[in-house]
Amino acid sequence: MKALHKLSTVGYVLAALLFFTCGFALIVLAGIEIWTAIGPGEEHAVKERFQVILECVGLVTIAVAALELGQTVLEEEVQRTVHTSAPTRVRRFLSRFLIVVVVSLAVECLIGVFQFLHTRPDMLPEVASIGVAAGVLLASWGFFIRLNVEAEKLEPEAMHEAQEEDKDVET
């Protein structure tokens, strides 16, 4: 069983490293694109530059999501020594993951609105569906948290241990 635990830890470390690699690669791509958009000495219309900059915001948003997911996997699955119950771990991991997803969807919706408002207004319903998805996820997450208040009362020591360990993981 110990060998399986060590093997899964190696898998989590590799997954976190891949998230970090993808995040940094997207940041580099966004940097290259932003340089193209600014393009000193090149003649581009302002609208073209604006579109490229919006795409850069999207790339950076996805990069931040990848970096946050890598950090979450690393902290929750590798660095933690306190073995809280499965429900507590699931709530914590799901909450961290949903924060990333909801913020990313909201930013993508905003980018889509700016991008299509004047050029392709027929695409706005699709963009609005992304915003609705972010809102539904946020409301569902809030409902999930509300329902889990009772579960957290059943295992206060697990939450206390996890919160104490948060201080160690953050330093």
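Okay, so let's go over this structure. (Residues numbered from 1 in each chain as written. Predicted model: local features only at pLDDT ≥ 70, side-chain atom pairs only at ≥ 80, totals over all residues. Heavy atoms only, no water.)

1. Focus on the overall build of the protein chain
Inference 1: Within the protein chain, the regular secondary structure consists of five helices and zero strands.
Inference 2: Reading the protein chain from its N end, one meets helices and strands in the order α-α-α-α-α.
Inference 3: Considering the protein chain as a whole, with its 171 residues, one finds that 30% of them fall into the buried category.
Inference 4: Of the roughly 11,000 Å² of accessible surface on the protein chain, a fraction of 72% belongs to carbon and sulfur atoms. (Helix = DSSP H or I, 4+ residues; strand = E, 2+ residues; numbered from the N terminus. Buried < 20%, exposed > 50% of the residue type's maximum accessible area, 1.4 Å probe, protein only. Areas by Shrake-Rupley, 256 points an atom, 1.4 Å probe, with all protein chains shown as cover.)

2. Focus: the packing of helix α1 (residues 2-38) against helix α2 (residues 46-79)
Think of two packed helices as two axes; the pair is described by the angle between the axes and how far apart they sit.
Inference 1: Viewed as axis vectors pointing N to C, α1 and α2 meet at an angle of 165 degrees, and their least axial separation amounts to 8 Å. As judged from the angle between their axes, α1 and α2 are roughly antiparallel. In terms of crossing hand, the pair formed by α1 and α2 is left-handed. (Axes fitted to C-alpha atoms, helices over the stretch in contact; angles between N-to-C directions. Parallel < 35°, antiparallel > 145°, perpendicular 65-115°, else oblique. Left-handed = near helix turned anticlockwise from the far one by under 90°.)

3. Details of the pattern of salt bridges
Inference 1: Scanning the entire structure with this criterion turns up three salt bridges.
Inference 2: Measuring nitrogen to oxygen at the nearest pair gives 3.3 Å for the salt bridge that ties Asp 122 to Arg 120.
Inference 3: For Asp 122, a relative accessible area of 49% translates into the label partly exposed.
Inference 4: Shared partners join several salt bridges into a network, and the residues in it are Glu 68, Glu 75 and Arg 96. (Salt bridge = Lys/Arg side-chain N within 4 Å of Asp/Glu carboxyl O.)

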